[in-house]
Amino acid sequence: MTNAPEPGAFQPASATIPWWWQCLDDDGRVVEPSEGRQDFPTRSDAESWVGEYWADLADQGIAAVTLFEGEREVYGPMSLGA
């Protein structure tokens, strides 16, 4: 007998799964920010970072961002326009 969760059962996120932002241009194409992809240990850290650097990202031609936890899309795209 194993301790594996039942299929479909809730599994808490691992502390090793990064939170990160996918960046999109005006046409919805994925673009890489000049400093590369930033990984964060928590959702709060990722959201704080984009709150602080959204204007710099917009200056680089990034029009919107989508938040991911590992490969799971959490929300977005969220416009960086004023």
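Here is what the cut-offs are and how they apply
- Residues numbered from 1 in each chain as written.
- Predicted model: local features only at pLDDT ≥ 70, side-chain atom pairs only at ≥ 80, totals over all residues.
- Heavy atoms only, no water.
- Helix = DSSP H or I, 4+ residues; strand = E, 2+ residues; numbered from the N terminus.
- Contact = heavy atoms within 4.5 Å.
- Salt bridge = Lys/Arg side-chain N within 4 Å of Asp/Glu carboxyl O.
- Expected span 1.5 Å × (residues − 1).
- Bend = angle between axes of the 7 residues up to and from the residue.
- Buried < 20%, exposed > 50% of the residue type's maximum accessible area, 1.4 Å probe, protein only.
- Pairing = 2+ DSSP bridges.

So what exactly am I meant to see when it comes to the side chain of Thr-66 here?
Looking at the secondary structure, you find Thr-66 in strand S4 (residues 64-69). Setting aside anything within four residues of it in sequence, one finds Thr-66 in contact with Trp-20, Trp-21, Gln-22, Leu-24, Glu-73, Tyr-75, Gly-76 and Pro-77.

What is the right way to read the pattern of salt bridges from this model?
When charged atoms on two side chains of opposite charge get close, those side chains can pair. This structure, assessed with the given rule, holds five salt bridges. When the shortest N-O distance is used, the salt bridge between Arg-37 and Asp-39 registers 2.7 Å. The salt bridge involving Arg-72 is made with Glu-69; its shortest N-O contact spans 2.6 Å. Each member of the salt-bridge network shares a partner with another, and the members are Asp-25, Asp-27 and Arg-29.

Would you mind going over helix H1 (residues 43-59) with me for this structure?
Each α-helix turn comprises 3.6 residues. Residues three or four places apart therefore point the same way. If you check H1, its first and last C-alpha atoms are 24 Å apart, about what 17 residues at 1.5 Å a residue would give, namely 24 Å. Its maximal kink placed at Tyr-53, H1 deviates by approximately 60°. Residues of H1 that are buried include every one of Ala-46, Trp-49, Val-50 and Leu-57, and no others. Buried-residue contacts for H1 involve strand S1 (19-24), strand S3 (39-40), S4 and strand S5 (72-79). Once H1 ends, the next one or two residues include Gly-61, with phi positive near 90°.

Sorry if this is basic, but what is going on with the pairing of S4 here?
The two faces of a sheet get side chains in turn, since along a regular strand they alternate between them. Most of S4 sits inside the fold, with six of its six residues counted as buried. The two faces of S4 match: Ala-64, Thr-66 and Phe-68 on one face and Val-65, Leu-67 and Glu-69 on the other face are all buried. Relative to S4, S1 runs antiparallel, the two being bridged by six bridges. Bridge assignment links Trp-20 to a residue of S4, and that residue is Phe-68. Turn length for the S4-S5 hairpin, with the two strands adjacent in sequence and antiparallel, is two residues, and the turn residue Gly-70 shows positive phi of about 65°.

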